[in-house]
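So the chains spell out like this:
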Amino acid sequence: MKVPLLDLKEQNDALRPEIEAALGRVLDTNGFILGSEVAELECELAGYCGVKYAIGCASGSDAILLALMALDVGPGDEVITTPYSFFATVSAITRLGATAVFVDIDPVTYNLDVGQVEARIKANTKAIEPVHLYGQCADMAALREISRRHGIPLVEDAAQAIGAEEDGVRAGAMGAIGAFSFYPSKNLGGMGDGGFMTTNDEDLAKKLLALRVHGSDVKYYHKYVGLNSRLDGFQGAVLRVKLPHLDRWTEMRRANAERYNELFTDRGLTEQIALPVERPSAKHIYNQYVIRVAGHRDELRGFLTEKGVGTDIYYPVPLHLQECFAYLGYRAGNLPEAERAARETLALPIYPELTAEQQCFIVDSIGEFFEQNR
Ligand SMILES: *Cc1c(COP(=O)(O)O)cnc(C)c1O
């Protein structure tokens, strides 16, 4: 049996006639850059996330960058964030000439350890950027309280968390700005690069709208030095076909996660591996189902590869130890939980169409590995 980490074929095949018709509409109307499909999508996304404004852009990486630009993050400023995320979380900060200040992660959720945030706030802290890693929100109640107390805005890196909730409020609706990605492996994936930003603040929305088109709100008059970061009409059209299915896909992912949890528990494997934990106030959307394996993670991964099971490591090198951030001055040992997670986490297939049979095979294979390596 072969089980890839992610298989988009079934999902795309089922929607193919609708997608082709939608692409045809863009061809017929020449709405290649932004255009009416993107405008409609933005309305639908705002409704989906429960915010006043959703603004498309060229990628999730740009969404974070534009969010920080809208908040005037620049040289001399600091942004507090997590070292355990995708690169773009932090490159957006450093590209603007600001300094990334890393706070270690909570070892259970892998999200920012909010208890360590306040001690790092200084006069030049311009923003706090939590990441909703794997599809579960960071502890936003605590972060919002810190944000309110110190008057420092939150930028949610919600690239992995569309539809995730905290106390019934959706990701992207809890900070000053939310940043999302349509990278094909995200829960709502396009057929190329894309992203969007969310906000409830009219002034920030106006600024984001200008920043994505070279900082111009009237053509050829430039208020800011912005980016060329627009969502394609083709992506907008595809995403509008997919969005109505997102909640159903999320429920399928959640059911798969539950099945894994039961299978691992029934097989008595919870000594060897730690399962993902959904906090009581959270709704996890399982962009990734990530287990923790102390000791032989890489051997287990090799074993699963031989069995035909796709896995990945998100992420093998924490950001404070990346070569390009060496100048920030962090060393191995500075952020021990992020470093331990980098050695121990393993993502298993969790896409909606994954079958119970495939899941049993994966769990049995993992059981077999630990039998052999007792
Ligand atoms: C995917 C991702 C991004 C970047 O999104 P792109 O669309 O690939 O640029 C940023 N942050 C996190 C946490 C991500 O998972």
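Please read these numbers as outputs of a predicted model, since none were measured by experiment.

Another point: unusual backbone geometry. The omega torsion of the bond from Y314 to Y315 falls at 15°, within 30 degrees of zero and hence cis. By the secondary structure assignment, Y315 is in the loop between α9 (297–307) and α10 (336–344). The phi torsion at D167 lies on the positive side, around 50°, for a residue other than glycine. The phi angle at H214 is positive, at roughly 60°, despite the residue not being glycine. Structurally, H214 can be placed in the loop between α6 (202–211) and β10 (216–218).

Our focus in this paragraph is the domain arrangement of the protein chain. How big an interface is tends to be reported as the loss of accessible area on association of its parts. Here the protein chain is partitioned into domain 1 (9–244) and domain 2 (246–372). Contacts between domain 1 and domain 2 engage 48 residues on the former and 38 residues on the latter. Counting the surface lost from both domain 1 and domain 2, the interface buries some 3,700 Å², and carbon and sulfur atoms represent 56% of this. Contact with domain 2 buries surface across domain 1, with Y84, Y134 and N187 losing the most and accounting together for 20% of the total. In this assembly, domain 1 and domain 2 are joined by two salt bridges. With its nearest N and O atoms 3.5 Å apart, the salt bridge here joins R170 to D247. On inspection of domain 1 and its partner domain 2, the count reaches 28 residue pairs in polar contact (both at pLDDT 80 or more). Elements that contribute at least two residues to the side of domain 1 that touches domain 2 include exactly α1 (9–29), α4 (88–95), β3 (99–102) and β6 (165–166). Among the elements that line the side of domain 1 that touches domain 2, the one with the most residues is β3, at four residues. The residue inventory of the side of domain 1 that touches domain 2, partitioned by class, reads 25 nonpolar, 13 polar and ten charged.

With that settled, consider the site of the ligand. The local shell around the ligand holds 16 residues, among which G60, S61, Q160, S181 and K186 are the closest. S181 places a polar side-chain atom, nitrogen or oxygen, 2.6 Å from an oxygen atom of the ligand. Expressed as a share of its isolated accessible area of 380 Å², the protein-covered part of the ligand is 93%. The element best represented in the shell around the ligand is helix α3 (residues 60–70), accounting for three residues. Class assignment of the residues belonging to the shell around the ligand gives a composition of six nonpolar, eight polar and two charged.

Read from one edge to the other, the open sheet built from three strands follows the order β7-β6-β13, with strand pairing classed as antiparallel. At either margin of the open sheet sits one strand with a lone partner, and together these are β7 (169–170) and β13 (282–283). With two bridges joining them, β6 and β7 adopt antiparallel strand pairing. Within β7, the position partnered with E166 by the bridge is V169.

Here we take up the pairing of strand β9 (residues 195–199). With five of its five residues buried, β9 lies for the most part within the structure. Residues G195, M197 and T199 line one face of β9 and the alternating positions F196 and T198 line the opposite face, and both faces are buried. Across five bridges, the pairing between strand β1 (residues 53–57) and β9 is antiparallel. Residue pairing in the sheet places Y53 in a bridge with T199 of β9.

For the coordinates displayed, the defined rule picks out 26 salt bridges. The partner of D217 in a salt bridge is K223, and the shortest N-O contact between them spans 4.0 Å. The exposure classification of D217 matches that of K223, with both residues exposed. R292 is the salt-bridge partner of E344, the closest N and O atoms lying 2.7 Å from each other. Placement of the pair is E344 in helix α10 and R292 in strand β14 (residues 289–293), with a sequence separation of 52 residues. The exposure class of R292 is buried, given its relative accessible area of 9%. A cluster of three or more residues bridged by salt bridges with shared partners is formed by R25, E37, E44 and R240.

Calculation criteria
Residues numbered from 1 in each chain as written. Predicted model: local features only at pLDDT ≥ 70, side-chain atom pairs only at ≥ 80, totals over all residues. Heavy atoms only, no water. Helix = DSSP H or I, 4+ residues; strand = E, 2+ residues; numbered from the N terminus. Domains from an automatic or database assignment. Contact = heavy atoms within 4.5 Å. Buried area = accessible area lost by both parts, 1.4 Å probe. Salt bridge = Lys/Arg side-chain N within 4 Å of Asp/Glu carboxyl O. Polar contact = N/O pair within 3.5 Å; in protein donor to acceptor, adjacent residues only side chain to side chain. Nonpolar A, V, L, I, M, F, W, Y, C, P; charged D, E, K, R; others polar. Near = heavy atom within 4 Å. Areas by Shrake-Rupley, 256 points an atom, 1.4 Å probe, with all protein chains shown as cover. Pairing = 2+ DSSP bridges. Buried < 20%, exposed > 50% of the residue type's maximum accessible area, 1.4 Å probe, protein only.

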